[in-house]
Amino acid sequence: MPTPTLILGIESSCDETAAALVDRTLKVRSSVVSSQIELHAVTHGVVPEIAARAHTERILPAIDECLRRAGARPRDIAAVAVTRGPGLITSLFVGLETAKALSLGWGVPLIGVNHIEGHILSSLLDEHSRRSLTSRHTQRGTTLAIDKSRLPVVVLTVSGGHTELFVLKDLGNYKLLGRTRDDAAGEAFDKVARLLGLPYPGGPAISQEAERGDPTRYDLPRPMLKHASYDFSFAGLKTAVHRTVAALSKPELRRRLPDLAASFEAAVVDTLIGKAERALAALRAKELWIVGGVAANKRLRSNAQALVLKKNLTLRLPSFELCTDNAVMVAAVGAVRLGEYPGKKSYDDIATLAADPTLDLVDV
Ligand code: KG4
Ligand code: ZN
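This structure is a prediction, so every number in the text was calculated from the model and none was measured. (Residues numbered from 1 in each chain as written. Chains lettered and ligands numbered in written order. Predicted model: local features only at pLDDT ≥ 70, side-chain atom pairs only at ≥ 80, totals over all residues. Heavy atoms only, no water.)

With that settled, consider the coordination of the zinc ion (ligand 2). Taken together, the protein donors to the zinc ion (ligand 2) comprise H115 (NE2), H119 (NE2) and D325 (OD), at separations of 2.0 to 2.1 Å. If you look at the zinc ion (ligand 2), its four donor atoms make angles of 94 to 141° with each other, and the shape they trace is irregular. All donors of the zinc ion (ligand 2) belong to a single chain; written as a sequence motif, their spacing is H-x3-H-x205-D. Pair noted here: H115 is in helix α4 (residues 115-121) and D325 is in the loop between α11 (320-323) and α12 (328-338), with a separation of 210 residues, a long-range link. Comparing H115 with D325 shows no difference in burial state: the two are buried. (Donors = N, O, S within 2.8 Å, 3.2 Å for Na, K, Ca; no water. Tetrahedral: all angles 85-135°; square planar, octahedral: opposite > 155°, others 65-115°. Helix = DSSP H or I, 4+ residues; strand = E, 2+ residues; numbered from the N terminus. Buried < 20%, exposed > 50% of the residue type's maximum accessible area, 1.4 Å probe, protein only.)

Structure, rendered in structure tokens:
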């Protein structure tokens, strides 16, 4: 019988129910994302109970569809990788229990994945980046590695729940440089969108408005940009937007919406890029990776391009659809962990693997 080659990834940590299949060299075979945006738009944010119920209804159809699209059968699956945290506890349970049942039923290893590590590896999934990874055959199968001369890498993770700067010393070896002290960057986009009367999720809505606006029209703060640490803070920026909105009449606000959106977006992006630039210089790093939902932001992408061009560095960004939550990134961590992995352990025990809503990346 041929050896199974595919890793099934399952993601249900927040409001996307997702399943994906990748092979051992990170090539994507199929990806299904069932977004719950329409369920949470009414409340301008995720309601955990509603999210968990929707995951329960959608998870098996998503996995089924994913196998069908790849023309794969259970005997082709080498392992099941699943997000175990951080995230909403009841949402995490759905993915985790499904993964445990499949792992038990199919008799394949179970791999509990840190969602943030998934986002980080999403920058390695385009064809060019995959080619820059080396793979060698070991007792454990295919072992993937990053060329040592490319290390360390500075990683900026920017999503609805996270804003962090990490140093990636090797696959599976991360050190936290700094994180937000209050709101995450995506959360700031979502909250400011609400202040501006724009729909949920706020990031795409603000960035669409911003395209027609003048980013210099409002002089908004760049919080903690000059602070010696690598930490971020976005709550004050949100308050500054609130104050500006309160001083405008309704018709004025409507007219100024693009300028306000562009000025806010520029303030967030300047702060993120400013801190990343300092980390790159301090570590003499050659690569910058930007991942997570906010990495889909066009201004952030183009300012990051400008930075690496100026400094002669390499930038890795996930494709637009892999910036927001998906299961390809979870399966990718599974593929890396199936080989010889520099992190602590590869497979997990069905009996003891638990969901952890506040899982830290350094614990992977
Ligand atoms: O990674 P993700 O899908 O979920 C979390 O793990 O949090 O990120 C979702 C976040 C939301 O806050 C959303 O507003 C933001 O990413 N986002 C964007 C853009 N697209 C999504 N923020 C700024 N610009 C965008 N184009
Ligand atoms: Zn995420």
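Relative orientation and spacing of two packed helices are given, respectively, by the angle between their axes and the distance between those axes. Taken N-terminus to C-terminus, the directions of helix α8 (residues 235-246) and helix α9 (residues 250-283) make an angle of 165°; their axes are 11 Å apart at the nearest point. The angle between α8 and α9 places the two elements in the roughly antiparallel class. For the crossing formed where α8 meets α9, the hand is right-handed. Together, L237, V241, T244 and V245 of α8 and L253, L260, F264, A267 and V268 of α9 make up the contact between the two elements. Class assignment for the residues of the contact of α8 with α9 results in eight nonpolar, one polar and no charged. (Axes fitted to C-alpha atoms, helices over the stretch in contact; angles between N-to-C directions. Parallel < 35°, antiparallel > 145°, perpendicular 65-115°, else oblique. Left-handed = near helix turned anticlockwise from the far one by under 90°. Contact = heavy atoms within 4.5 Å. Nonpolar A, V, L, I, M, F, W, Y, C, P; charged D, E, K, R; others polar.)

A few words on the pairing of strand β4 (residues 77-85). Within β4, eight of the nine residues are buried, which leaves the element mostly enclosed by the surrounding structure. Here five bridges tie strand β1 (residues 6-11) to β4, and the two strands are oriented parallel to one another. Note on β4: the bridge partner recorded for I10 is V82. Pairing geometry for β4 and strand β5 (residues 110-114), over five bridges, is parallel. Bridge pairing links V80 to L110 in β5. In this fold, β4 hands off to helix α3 (residues 89-106), which returns the chain to β5; that crossover is right-handed. (Pairing = 2+ DSSP bridges. Right-handed = clockwise from strand over helix to strand, strands pointing away.)

Turning our eyes to something else, we now look at α12. The buried fraction of α12 amounts to 11 of the 11 residues, a majority that puts the element mostly inside the structure. Listing the buried residues of α12 in full gives V328, M329, V330, A331, A332, V333, G334, A335, V336, R337 and L338.

This part takes up the pairing of β5. Along β5, five of the five residues are buried, which leaves the element largely enclosed by surrounding structure. Going residue by residue along β5, you find L110, G112 and N114 tucked away on one face and I111 and V113 tucked away on the opposite face as well.

Here A20 lies in strand β2 (residues 16-22). Sequence separation of A20 and K148 is 128 residues, and the distance between their C-alpha atoms is 29 Å. Setting aside its immediate chain neighbours within four residues, A20 contacts I7, L8, G9, S30, S31, C66, A327, V328 and A331.

Here we take up α3. Taking 1.5 Å of rise per residue, 18 residues should cover 26 Å, and α3 covers 25 Å from first to last C-alpha, within 8% of that figure. Residues of α3 that are buried include every one of S91, L92, V94, G95, L96, T98, A99, K100, L102 and S103, and no others. The inward-facing, buried residues of α3 contact β1, α2 (48-70), β4 and β5. Immediately beyond the C-terminal end of α3, within one or two residues, lies G107, with a positive phi of roughly 65°. (Expected span 1.5 Å × (residues − 1).)

The next point concerns the site of ligand 1. Taken together, 20 residues surround ligand 1, and among them G160, D190, G203, N297 and D325 come closest. Taking G161, its main chain carries an N or O atom lying 3.2 Å from an oxygen atom of ligand 1. Contacts to ligand 1 include G186, whose backbone N or O atom sits 3.1 Å from an oxygen atom. Protein chains bury 89% of the 560 Å² of accessible surface belonging to ligand 1 in isolation. Counting only elements with at least two residues in the shell around ligand 1, the list comes to α4, α6 (185-195) and α7 (202-210). For the shell around ligand 1, the element with the most residues is α7, which contributes four residues. Across the shell around ligand 1, the residue classes tally to six nonpolar, 12 polar and two charged. (Near = heavy atom within 4 Å. Polar contact = N/O pair within 3.5 Å; in protein donor to acceptor, adjacent residues only side chain to side chain. Areas by Shrake-Rupley, 256 points an atom, 1.4 Å probe, with all protein chains shown as cover.)

Across a sheet, paired strands are connected by hydrogen bonds in the backbone, their directions being either parallel or antiparallel. Strand order across the open sheet formed by five strands is β3-β2-β1-β4-β5, with mixed pairing between neighbours. With partners counted over all chains shown, the strands left at the sheet margins are β3 (28-35) and β5, one partner each. Each strand axis lies, on average, 20° off the axis of its neighbour in the sheet, ignoring direction. Bridge count for β1 against β2 is five bridges, and the pairing is antiparallel. Following the sheet pairing, L8 is matched in β2 by L21. Along the sheet, α2 makes contact with β1, β2, β3 and β4, crossing β2 at roughly 25°.

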